[in-house]
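These are the residues of each chain, in order.
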Amino acid sequence: MRRTYWAAGSAVLLALLFAVAATVAAASGGRTAAAAARTPALYSPDAGFARDMAVHHQQAVEMSFLVRDRTQDEAVRSLAYDIANTQANQRGMLLGWLDLWGLPKVLAGEPPMSWMAPAAGGSHGGSGSHGGSGSHGGHAVDGVAAKPGALMPGMATKEEIAALGAAQGRDAEVLFLQLMTDHHKGGVAMARGCAVQCATPAERALAQGMVEAQQSELTLMADMLRARGAAPRG
C-alpha cells in the first residue's frame with residue numbers, strides 16, 4: 001500500500017513538474033514571439049534610419065575634430081566638442097540597436113534614404129517597405145537636396161572635407177559653420193522622417209530629440225556666422 005501511495009505521489013509530483021515546465025516554456029515562448037514581433041524588419045524605417053544616421057553622424061564628428069585643430073576660437077571649439085560628443089554617443093545608440101535587432105550595420109544595394117516615405121520627405125526611389133530599388137541621390141528630403149558627390153542630404157563632399165582640413169583660423173571657422181549648417185538641415189529632415197515613421201518608441205524619441213537639439217544649434221551657428229561677417233550657404 002505504501003508503495004502504491006509512493007508511486008501515485010510520484011506521478012502527481014511529476015505531473016506538477018511537467019505542468020510548471022510547460023507553463024514556463026509557454027511564457028518564455030510568448031515573450032520570445034512578442035520580442036520577435038517588435039524587432040524591426042531589415043528594410044524598415046527603424047533600421048534604415050539607424051544605418052543612415054550613423055553614417056551621417058560620423059561625418060559630423062569628423063568635421064568637428066578637423067575644426068578643433070584649426071582654430072583657437074573658444075566658441076567654435078566648444079560647439080565642435082558638443083557636436084562630436086553628442087553625435088558620437090547617438091551613433092553608438094543607433095549601432096547598438098542594430099546589433100540588438102540582429103540587423104547589419106551596412107546593407108549592400110540599399111540606396112541611402114530609401115526608408116523614407118514620400119510623405120515624410122519628398123521624392124522616394126524605392127518601392128514598398130523594401131526600398132531596395134531605385135536611388136535617392138539628388139532628391140530633396142524636406143526641401144534639403146543631396147549635393148552632387150554627397151552621399152545624403154546635408155553631407156559634405158570629399159572636396160569640402162579636404163578644404164576644411166586645409167583651412168586655418170577664421171576661414172576654417174566659417175567653412176565649418178557653413179558645412180555644419182547644411183549637415184544639420186539634412187539631419188533634421190532625416191530625424192523628422194523617423195519621428196513620424198519609426199515604430200520603436202525609443203528611436204522615435206531619440207529622433208525627435210535630434211530635431212530639437214539641431215534646430216537650436218542651427219540658430220546658434222547662424223549667429224556665429226553673422227558675427228564673422230558671413231552667412232549660411234544657399
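Residues numbered from 1 in each chain as written. Predicted model: local features only at pLDDT ≥ 70, side-chain atom pairs only at ≥ 80, totals over all residues. Heavy atoms only, no water.

> Could you give an account of the overall build of the protein chain, with specific residues and numbers?
When its secondary structure is counted, the protein chain shows 7 helices and 2 strands. When its helices and strands are written in sequence order, the protein chain yields α-α-α-α-β-β-α-α-α. Sequence-distant contacts, at least 24 apart, represent 70% of the contacts inside the protein chain between residues at least 6 apart. For the protein chain, the accessible surface area stands at approximately 11,800 Å², while carbon and sulfur atoms represent 61% of it. (Helix = DSSP H or I, 4+ residues; strand = E, 2+ residues; numbered from the N terminus. Contact = heavy atoms within 4.5 Å. Areas by Shrake-Rupley, 256 points an atom, 1.4 Å probe, with all protein chains shown as cover.)

> Break down the confidence of the model for the protein chain for me, citing the residues and quoting the values.
Averaged over every residue, the pLDDT of the protein chain is 82; the share at 70 or more is 73%. This model gives residues 1-34 a pLDDT under 50, and the stretch forms 0 contacts once residues within four places in sequence are excluded. Below pLDDT 50 for its whole length, residues 119-138 participates in 41 contacts with residues either more than four positions away or in separate chains. (pLDDT = per-residue confidence, 0-100.)

> Give me the state of the cysteines: which residues, what numbers.
Throughout the structure, instances matching the rule amount to 1 disulfide. Covalent S-S linkage joins Cys 194 and Cys 198, the inter-sulfur distance amounting to 2.2 Å. Residues Cys 194 and Cys 198 share a disulfide whose torsion about the S-S bond is about -120 degrees; that sign makes it left-handed. The two residues Cys 194 and Cys 198 agree in class, both being buried. (Disulfide = S-S within 2.5 Å. Buried < 20%, exposed > 50% of the residue type's maximum accessible area, 1.4 Å probe, protein only.)

> Can you explain the nonpolar core? Please cite residues and give values.
Core analysis: the largest hydrophobic core is formed by 26 residues, its most contacted members being Phe 49, Met 53, Leu 94, Leu 98, Ala 191 and Met 210. Counting residues in each nonpolar core, the second largest holds 24 residues, with Leu 66, Ile 83, Ala 156 and Ala 172 among its members. (Core = buried A, V, L, I, M, F, W, Y, C linked by side-chain atoms within 4.5 Å.)

> Mind laying out helix H3 (residues 74-101), listing which residues take part and the relevant values?
End to end, H3 covers 41 Å across 28 residues, agreeing with the expected 40 Å (1.5 Å per residue, within 8%). Turning to H3, its buried residues are Val 76, Leu 79, Ala 80, Ile 83, Ala 84, Gln 87, Gln 90, Leu 94, Leu 95, Trp 97, Leu 98 and Trp 101. The inward-facing, buried residues of H3 contact helix H2 (45-68), helix H6 (169-197) and helix H7 (201-227). For H3, the N-terminal cap is Asp 73; the gap from its side-chain oxygen to the backbone nitrogen of Ala 75 is 3.1 Å. Looking one or two places after H3, you find Gly 102, whose phi comes out positive at around 70 degrees. (Expected span 1.5 Å × (residues − 1). Polar contact = N/O pair within 3.5 Å; in protein donor to acceptor, adjacent residues only side chain to side chain.)

> Kindly report on helix H5 (residues 158-166), identifying the contributing residues and their values.
Of the residues making up H5, those classed as buried are Glu 160, Ile 161 and Leu 164. Along the long axis of H5, the arc covered by the buried residues comes to 100 degrees, so they all point the same way. Exposed side chains of H5 directed beyond 90 degrees from the buried face belong to Lys 158, Glu 159 and Ala 166. Turning to H5, the residues buried within the fold contact H2 and H6. (Arc of directions from axis to C-beta.)

> I'd love a proper account of the pattern of salt bridges, names of residues and values included.
Following the criterion strictly, the structure yields 10 salt bridges and no others. Two residues, Arg 68 and Asp 69, come together in a salt bridge whose shortest N-O distance is 3.1 Å. Here Arg 226 ties to Asp 223 by a salt bridge, and the two come within 2.3 Å at their closest N and O atoms. One end of the pair is Arg 226 and the other is Asp 223, both in helix H7 and 3 residues apart, which spans about a single turn. When its relative accessible area of 55% is taken as the criterion, Arg 226 is described as exposed. (Salt bridge = Lys/Arg side-chain N within 4 Å of Asp/Glu carboxyl O.)

> Summarise the side chain of Glu 203; cite the residues concerned and give the values.
With respect to the element layout, Glu 203 can be found in helix H7. For the buried Glu 203, no salt bridge is present, and the opposite-charge side chain at shortest range is Arg 204, 8.4 Å distant. If sequence neighbours within four positions are ignored, Glu 203 has contacts with Asp 46, Phe 49, Ala 50, Leu 94, Trp 97, Trp 101, Cys 194 and Cys 198. (Lys, Arg positive; Asp, Glu negative; His and termini not counted.)

> An account of the packing of H2 against H5 is needed here, citing residue identities and associated values.
Their axes nearest at 9 Å, the elements H2 and H5 cross at an angle of 20 degrees. When the interaxial angle is binned, H2 and H5 end up roughly parallel. Residues Gln 59, Glu 62, Met 63 and Leu 66 of H2 pack against Ile 161, Leu 164 and Gly 165 of H5. Here the contact of H2 with H5 is built from residues that sort into 4 nonpolar, 2 polar and 1 charged. (Axes fitted to C-alpha atoms, helices over the stretch in contact; angles between N-to-C directions. Parallel < 35°, antiparallel > 145°, perpendicular 65-115°, else oblique. Nonpolar A, V, L, I, M, F, W, Y, C, P; charged D, E, K, R; others polar.)

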